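Structural features, examined
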Protein chains: 2
Amino acid sequence: MVANTSKARHYDADDLVAVNTLRALSVDMSYAANSGHPGAPMGMAPLFHVLFSKMKLNPDTDKDWVNRDRFVLSNGHACALLYSVLHLLGYKITLDDLKAFRQLDSNTPGHPENTHTPGVEVTTGPLGQGFANAVGLAIAQAHLGATYNRAGFDLFNHKTFVVFGDGCAMEGVASEAASLAGHLRLENLIALYDDNHICIDGDTDSTFTEDVLKRFEAYGWHTEHVPDGDTNLGAIDAAIERALAVRGKPTVIKVTTTIGYGSSLQGTAACHGSPLKMDDLKQFRQKFGIPEEPFTVPSKVYKAYQEYALRGKNAESQWQESFTAYEAKYPELHQELSRRLSGGLPQGWEDKLPVYKPGDSAIASRDLSAKVLAALQASLPEMLSGSADLTSSNKTIWKGAVDFQPPGHVAVGSYQGRYLRWGDEEHAMGAAMNGLAAYGANLIPVGGTFLNFVAYAAGAVRLSALSQLRVIWIATHDSIALGEDGPTHQPIEALAHYRAMPNLHVWRPADGNECSAAYYVALKSSKTPSILALSRQGLPQLQGSSIEVASRGGYVCYGGQVGEQRDITLVSTGSEVATCIEAAAILEKSHQLKVSVVSMPCQEVFDAQPEEYRLSVLPAGAPVMSVEAASTRGWEKYSQEQFGIDEFGASAPCDALFKKFDITPSGVASRALETVFFYQGTQNLRSPLQKALQKTRP
Amino acid sequence: MVANTSKARHYDADDLVAVNTLRALSVDMSYAANSGHPGAPMGMAPLFHVLFSKMKLNPDTDKDWVNRDRFVLSNGHACALLYSVLHLLGYKITLDDLKAFRQLDSNTPGHPENTHTPGVEVTTGPLGQGFANAVGLAIAQAHLGATYNRAGFDLFNHKTFVVFGDGCAMEGVASEAASLAGHLRLENLIALYDDNHICIDGDTDSTFTEDVLKRFEAYGWHTEHVPDGDTNLGAIDAAIERALAVRGKPTVIKVTTTIGYGSSLQGTAACHGSPLKMDDLKQFRQKFGIPEEPFTVPSKVYKAYQEYALRGKNAESQWQESFTAYEAKYPELHQELSRRLSGGLPQGWEDKLPVYKPGDSAIASRDLSAKVLAALQASLPEMLSGSADLTSSNKTIWKGAVDFQPPGHVAVGSYQGRYLRWGDEEHAMGAAMNGLAAYGANLIPVGGTFLNFVAYAAGAVRLSALSQLRVIWIATHDSIALGEDGPTHQPIEALAHYRAMPNLHVWRPADGNECSAAYYVALKSSKTPSILALSRQGLPQLQGSSIEVASRGGYVCYGGQVGEQRDITLVSTGSEVATCIEAAAILEKSHQLKVSVVSMPCQEVFDAQPEEYRLSVLPAGAPVMSVEAASTRGWEKYSQEQFGIDEFGASAPCDALFKKFDITPSGVASRALETVFFYQGTQNLRSPLQKALQKTRP
């Protein structure tokens, strides 16, 4: 247990007490909860003890200090250990909180949640996500360092540590992210692989026999192996020290451990996901000299961790001094960075949003989106764009944008670059964008792919929403109108899927002003991710649109004043709004009907408007028919009748497809007519919004 | 161009003509379509020519011959080349079909679709899927070989070839599948990597600089590299021959090619996704001596491919002879295999389905599912179960099940085994299950994970549905009731997502008979995948349930006869059905209301019932309120009012969560009361099913 590099410190009996205390706390927590995962914490306690004794963290200021080291527990089920360490360090997690592990309204939930628990950077548990989050955090550090560091001012020089297990190592999202991190040469990223050879199904021999370190070498990582991670704290320390010294590569350290170390079931899957039985707990305590009283923490353990925390506090103090000196030398950079650290957007940024008049030419909303990005990029240096290998299709890049690339590598760019080449790695892109958004300094990741392929990243999108992260998806080719690529690429269920997800805004703008509105609301919604579903084909500028009205999520864009008598309301989004307006003209001319067309680019934002407004848009007395070139599911909330596509698309030119599915002015008009006849004579026809049970989105 | 192993054949000028014909056909197709991807076909034409000259395929019997070689184009955008090769071989794809590339109702869609085009084994295009499909096909071959081959009867000994590009190499789903294929030692799987160094964003140097072959070595693959794949047909041939000889490992052959070889834009992303311009087309034709008339095929090229096809036809004839001889020697195996090849299930299999009476004890539906699997496994040897590392949670294994494992490896099992240890690789599991289901021989893959993590595989689930493949997901832990694991693991939007997907059955059974019904319909639906959402907690056996009524997707399970006057209908699924029945008792006792409870385990199957039946279940005249512990979105189709959870869950014990979200008998009753009051006095209240526009699911 003697360190084998000069920088590694000496470990003694007190460290063993600390390690065993961590083990015991985790065991006690899952025993008290009668659920949870004691095995991984028991195996990883040495790793955690060594690592957290080195990290620069300030429990007092928590996530307010931007240059703190970042820690991600990708195998989030081991969170009892994380909460225990955070408690020892002095984060606002009390012993009572540990005792309330996995109970309602505790700050110690079953998997780490960034919105619930001090010291938790990102929400993890779904396997592989945390690993990719960490790559996003490391990108953020490299980018901000390149942008704001100056000689003598290493404002952003912290490390990002991520712990992952076999489960994460198997997940594709982590593989994608690891390949990317190698390409990007993220030298401040250090991953610790808890190689305990056990997954839920038992020995990993049954399913996972690849050479993980060799794979990471293939990605361009530096690799280390600690074969005796249960006991050799010095070796873990030395490996981390070597990793800290590596330049030009991320590092993975494989730490071979024993799951449930100390349990009579150690080394088996039996101690993975169930608390220890009382007799096992007893022999564990006896073996390691742990007091019988649960949740006992020896004072010397607290003392040691207070010292670690003190080092972090001092480091922050020095950083704050340095940042003050930075102000004197680089006042403009300081001002910009201070603004970003405060979380505010620059004054007047929204004045840059493009505005359109009805006479303006038709433009595809993917191009409208490009115009917004180009207009805003100078005002919003915190906005980082990118695409999952569809830059030319997603139109996510602005003129003069520099690629985020490692210095001196094969590709042109620099770490100052704000354009990310994610490759065909949608899931890693989504998860890394979560890391970017969670980093702080107001970073706003914007990432592109086809709407249909956001589904590859569904696991990450869900965590954006749950974690309240402002991530913006540029989801182009938003319907069958993408044409010839065919049904494999044409979204049908996508909009319904994301609209059913809590805390997610799904926008499908119908024209230029609506596209600007989508960005306006998305950028202002600092705790909500957004998906912008954008067209490949041109969209005419509507008569009734404006950023202001579209920012309400839904509005009457055609058909007279609010309150006027109607025969039918057509509610629609995106490219079908113009089709509805053409249908309205047919219905008025040939059938003398009064038709209102409602554009509803974002249901969630519309839902948040006052009831009076919503009822003025979708009033009682006339039937409402929805029109969208996608699954009709969910539109029943806003309409009596639905017209859409409840089957898969087809490969053909765009116009041929709209004809095939009859989503044309005449196709809409004939269905509207059916609807009017059907509801004719219905007494007191309610608005679809008038319900017995009032639901509100949180 | 001389072969460098004894088995590789000699290539001459005629081969070059064939290669250039393939290039020209692909170029002509995208030019005629004014869309498509000529670049990859131009680069891969040599590879395709060599490969398809070796494959054992019978264009006449197409997918009817079970021991044909399998081919998967994972980079599906290169399908012009595949269609061209299939045309030359004599599949039912005419020159006119090639001319109608990417047009409505043609059999040459923009990406390969197994349901549209002869010779296309699986639907590809979404990157990485095809690679994982191929792993599934190779598993199928290994399993059937181990099960049915006997000395002298190599009934299943074909190869599975998959071509993939850089995009697929980047996707996590392919990484997962590659790791698995290495573990499983699938020696009959040969992957050809089109290493053209170009992705849509340009040179792969901008995003993807890992060492792909080293990565595959880490997975346990044999690797080969052909550095001059544009011209050296002999080297491609030799590498394939070496791959064919490899034992105990899958092989990947990196074939370095030039995208758009022959175009003036060759080697750039400019020829990836756009047709060649006319002047480029002209110089290309001139350079390679290709006739000016588009779609010209020299007769000697047809002749050569007829010979290749003839070899395949002869191979099938021999196989059929062998299969006849097999009948004599192994009549029982022959009978079973013949039954499977005909696509039929064995007579009386459904009699094995467990049946329950109201008095029977409460059982979690994940355990009910386990009982079904145990009851059916002996009758249905074509059923292969498995789990993404959640065997003990998903209850996907039956007593005595043998793991599918390579012989002589570290894990216990054999290729005869019918239990697949997928590891934490949900996406690869989904995509490989598609390969298994597409294989033929009636294979029925059944795979488990938590309902919330089916989303990791959403891309594959979509392709199951589009490709009409009978894949069954055992999706356990189907609501907040999973409890302490918390919101990261608790599905909210999942059911709404999958219900909006065309051609997918989403089941959420409320008791034992409903669970049996779910399997009954899922197994009989040979062209539709199913997701079975199953509970962790116990569910009581309902009074009104039976396999027969539940097989209609929805039925009145409580509350008197069909047609009887009601005050309210509660429609629900899974664990909430029993809650609704308890609520009904409260409403009847305390408020003298007549309440019907409808259990609707599968909306899609209910939708397919005759209108009269559906209206008898959800009649007009009384309001309908839906109750489900998940997003309410989509339930508006079946109800006026919805009670559910439109926010994320929380970490706490199951009962505490039901209380928090008020999904209890009294919570349901109070909302039902509100609903009754609200609709009291409404004249002629329609059933939610009575609509102007009648939609039918295809």
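Residues numbered from 1 in each chain as written. Chains lettered and ligands numbered in written order. Predicted model: local features only at pLDDT ≥ 70, side-chain atom pairs only at ≥ 80, totals over all residues. Heavy atoms only, no water.

Under an unreviewed UniProt entry, chain A has the name Transketolase and belongs to Capronia epimyces CBS 606.96. Regarding chain A, the UniProt comment filed under Function (unreviewed entry) reads as follows: "Catalyzes the transfer of a two-carbon ketol group from a ketose donor to an aldose acceptor, via a covalent intermediate with the cofactor thiamine pyrophosphate." What the UniProt record of chain A gives under Subunit (unreviewed entry) is the line "Homodimer." (UniProt positions renumbered as here; feature names shortened; annotations may be inferred.)

Looking now at the relation of the copies chain B and chain A. For the pair chain B and chain A, the best superposition has an RMSD of 0.0 Å and corresponds to a rotation of 180° with a translation of 0.0 Å parallel to the axis. Such values leave the two copies arranged in the relation of a two-fold axis. Both copies present the same face, since 100% of the interface residues in chain B are matched by interface residues at the equivalent positions in chain A. (Least-squares fit on C-alpha atoms with pLDDT ≥ 70 in both. Contact = heavy atoms within 4.5 Å.)

A few words now on the domain arrangement of chain A. All names here are of chain A. Assigned domains of chain A: these are domain 1 (13-316), domain 2 (349-539) and domain 3 (554-679). If you average the C-alpha positions of domain 1 and of domain 2, the two centres end up 32 Å apart. Taken together, the contacts link 33 residues of domain 1 with 33 residues of domain 2. Summed over both sides, the interface between domain 1 and domain 2 buries roughly 2,700 Å², with carbon and sulfur atoms accounting for 63% of that surface. Our enumeration of links across domain 1 and domain 2 arrives at zero salt bridges. One can count 15 residue pairs in polar contact (both at pLDDT 80 or more) joining domain 1 with domain 2. Those elements that provide at least two residues to the side of domain 1 that touches domain 2 are α5 (129-148) and α7 (172-184). (Domains from an automatic or database assignment. Buried area = accessible area lost by both parts, 1.4 Å probe. Salt bridge = Lys/Arg side-chain N within 4 Å of Asp/Glu carboxyl O. Polar contact = N/O pair within 3.5 Å; in protein donor to acceptor, adjacent residues only side chain to side chain. Helix = DSSP H or I, 4+ residues; strand = E, 2+ residues; numbered from the N terminus.)

Okay, the pattern of salt bridges next. A full pass over the atoms with the stated rule returns 52 salt bridges over all chains. When the shortest N-O distance is used, the salt bridge between A:Lys54 and A:Asp237 registers 2.8 Å. Taken together, the residues span a long stretch of sequence, with A:Lys54 in the loop between α2 (39-52) and β1 (70-73) and A:Asp237 in helix α9 (residues 233-245) at a distance of 183 residues. On the basis of relative accessibility, which here comes to 21%, the residue A:Lys54 falls in the partly exposed class. Taking relative accessible area as the criterion, A:Asp237 reaches 1% and is therefore assigned buried. A salt bridge links B:Arg421 to B:Asp403; its shortest N-O distance comes to 2.9 Å. Of the two residues, B:Arg421 is situated in strand β10 (residues 419-421) and B:Asp403 in the loop between α14 (391-394) and β10; the sequence distance between them amounts to 18 residues. (Buried < 20%, exposed > 50% of the residue type's maximum accessible area, 1.4 Å probe, protein only.)

Mapped onto this numbering, the UniProt entry annotates "domain: Transketolase-like pyrimidine-binding" (unreviewed entry) at residues 363-541 of chain A. Secondary structure over residues 363-541 of chain A splits into 33% helix and 18% strand, and the C-alpha atoms at its two ends are 8 Å apart.

Let's shift gears to the packing of α7(A) against helix α8 (residues 212-219) of chain A. Residue and element names in this part refer to chain A. Contact geometry of α7 with α8 gives a least axis separation of 8 Å together with a crossing angle of 45°. Of the possible angle classes, the one that applies to α7 and α8 is oblique. Facing α7, whose interface residues are Ser175, Ala178, Ser179, Gly182 and His183, α8 presents Arg215, Phe216 and Tyr219. Split by residue class, the contact of α7 with α8 holds three nonpolar, four polar and one charged. (Axes fitted to C-alpha atoms, helices over the stretch in contact; angles between N-to-C directions. Parallel < 35°, antiparallel > 145°, perpendicular 65-115°, else oblique. Nonpolar A, V, L, I, M, F, W, Y, C, P; charged D, E, K, R; others polar.)

For the rest of this paragraph, the subject is the environment of B:Leu657. The residue B:Leu657 is located in helix α23 (residues 654-660) in this model. For the pair B:Leu657 and B:Gly483, spaced 174 residues apart in sequence, the C-alpha separation works out to 7.1 Å. Not counting residues up to four positions away in its chain, the partners in contact with B:Leu657 are A:Leu104, B:Ile480, B:Gly483, B:Gln490, B:Ala650 and B:Ala652.

Attention now moves to the UniProt feature "binding site: thiamine diphosphate" (unreviewed entry) in chain A. Those residues carrying the UniProt feature "binding site: thiamine diphosphate" (unreviewed entry) are A:His77, A:Gly125, A:Pro126, A:Leu127, A:Gly167, A:Asn196, A:His272 and A:Phe453 in this numbering. The largest pairwise C-alpha distance within this set of annotated residues, which runs over 377 residues, is 34.2 Å, so the set is dispersed in three dimensions. With respect to the helices, strands and loops of the structure, A:Pro126 is situated in the loop between α4 (95-99) and α5. Among the residues examined, A:Pro126 registers a relative accessible area of 4% and is labelled buried. Excluding its chain neighbours within four sequence positions, the residues that come into contact with A:Pro126 are A:Leu463, B:Phe453, B:Tyr456, B:Thr488 and B:His489.

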